[in-house]
Amino acid sequence: MVRFTPCVLAAAAMLTTAEAFAPAATTQRSLTSVSSRNIVTSSNSPTILSDMLTQTELPAKLYFPKDKEAAKYLGGVKIGSRKLTVITGASSGLGLNCAACLAKTGRHFVVMAVRDVEKGKRVAKEFGMPEGSYVVMKLELGSLQSVRDFVSNLKAFKSIRPVDNLICNAAVYKPTDPEPAWTDDGFEQSMGINHFGHFLLTNLMVDDMAKAKGARMCIVGSITGNTNTVGGGLVYPQADLGKLQGFESGAREPISMADGKPFFGAKAYKDSKVCNMMTVSELHRRYHDSTGIAFSSMYPGCIADTPLFREKRPWFRKAFPWFMKYVTGGYVGMEEAGERLAQVVDDPECTKSD
């Protein structure tokens, strides 16, 4: 089994000195970052800049300077006494259903962190999310600069009020792509968006969330990343990070896989989910006792008609839901899955961190 530490080392290279959420003066943490092949240890905050981020300037692909959203202000008035909950990938599928569920409880003010702001506004209305229960903000996880801009805008919106809950839900799945697609920072998109983008986001928000009472952070996992399950162990290919040879080599184009092997789209997604779940375990180990944040990962069930399968062939998108409903009995509807995910940050009993 792969140890977590190398995975953290590679992802720690995504961090930045742009401390959109400045760490508390009394907080002392230790993170190790990777610069080329040299390992450097620092004992300051989790937002340490690695030289790796300044070595290469790549052309913008997913996020352009003109895409930077103007900051919103006076969010504290809108939020009121409700919990402030951030959800990535909240404009469709699981994230949207979760956002709608939480907004309708009246207990949460939801920040919908999405790629397409106009689409987010439109679907929020279509789903009947009460006016004044949410705000839609730009977040492109395929750009580390966009992650930093989002956190900065979120800080401006909420002012001194801390974030209560963070749900890292957004993901891409490219099983049919013969060649890898790349993020703006040169990472294969499945790993770059699903893992590295969220890794940076969680690290930028830990200190702020530590100020909230009963804060919770959840990263959506998947049984496909667990070889002890049918979906992860019997369905080819299996997730396998190897010895993280790809990460050790920088994880940038043309290196597309964590284990350094040739690109395999379906495996890239599974590998990213392994990294997500390992990240939660390490966040708990490092920060739960000192911050009180409850860290968790959850799998809402097999949402066979999720938009995540939009890259699959048409026959699969028709047959798979039928198979899961009438053969395995493992089918979970989108609305129910959204309710399950919402429960992780709303149910008083879901406070365990592990």
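Residues numbered from 1 in each chain as written. Predicted model: local features only at pLDDT ≥ 70, side-chain atom pairs only at ≥ 80, totals over all residues. Heavy atoms only, no water.

Participant: So what's going on with the sheet that holds strand E8 (residues 294-298)? Which residues, and what values?
Facilitator: One open sheet holds the six strands; their spatial order is E5-E4-E3-E6-E7-E8, and the pairing between them is parallel. Among the strands making up the open sheet, the edge pair consists of strand E5 (134-138) and E8. Direction aside, neighbouring strands of the sheet carry axes that sit 15 degrees apart on average. As paired strands, strand E3 (residues 83-88) and strand E4 (residues 108-114) are joined by six bridges and run parallel to one another. Across the sheet, residue isoleucine 87 finds its bridge partner in E4, namely methionine 112. (Pairing = 2+ DSSP bridges. Helix = DSSP H or I, 4+ residues; strand = E, 2+ residues; numbered from the N terminus. Axes fitted to C-alpha atoms, helices over the stretch in contact; angles between N-to-C directions.)

Participant: Residue-level account of empty space enclosed by the protein, with values.
Facilitator: One pass over the structure, following the stated rule, counts three cavities of 30 Å³ or more. Considering only enclosed or pocket space, the second largest cavity measures out at about 50 Å³ in volume. Forming the walls of the second largest cavity are Glu188, Met191, Gly246, Phe247, Ala251, Ile255, Ser256, Met257 and Ala258. Among the residues making up the lining of the second largest cavity, the classes are represented as six nonpolar, two polar and one charged. (1 Å grid on protein atoms, 1.4 Å probe; cavity = no way out; pocket = protein on both sides within 12 Å on 5 of 7 lines; lining within 4 Å. Points joined across faces, edges and corners; volume = space filled by probe spheres on them. Nonpolar A, V, L, I, M, F, W, Y, C, P; charged D, E, K, R; others polar.)

Participant: Break down the pattern of salt bridges for me, citing the residues and quoting the values.
Facilitator: Summed over all chains, the structure comprises 13 salt bridges. The partner of lysine 66 in a salt bridge is aspartate 67, with the nearest N and O atoms 3.4 Å apart. When its relative accessible area of 71% is taken as the criterion, lysine 66 is described as exposed. Given the relative accessible area of 22%, aspartate 67 is considered partly exposed. Close ionic contact of arginine 340 with glutamate 336 constitutes a salt bridge, the shortest N to O distance being 2.8 Å. Placement of the pair is arginine 340 and glutamate 336 together in helix H11 (residues 334-346), with a separation of four residues, close to one helical turn. (Salt bridge = Lys/Arg side-chain N within 4 Å of Asp/Glu carboxyl O. Buried < 20%, exposed > 50% of the residue type's maximum accessible area, 1.4 Å probe, protein only.)

Participant: Give a detailed account of the pairing of strand E6 (residues 165-168), specifying residues and quantitative values.
Facilitator: Side-chain alternation along E6 places Asn165 and Ile167 on one buried face and Leu166 and Cys168 on a second face that is also buried. In this sheet, E6 lies alongside E3 in parallel orientation, the contact comprising three bridges. Residue pairing in the sheet places valine 86 in a bridge with leucine 166 of E6. Where E6 lies against strand E7 (residues 216-220), four bridges are found, and the strand directions are parallel. What sits directly across from isoleucine 167, in E7, is cysteine 218.

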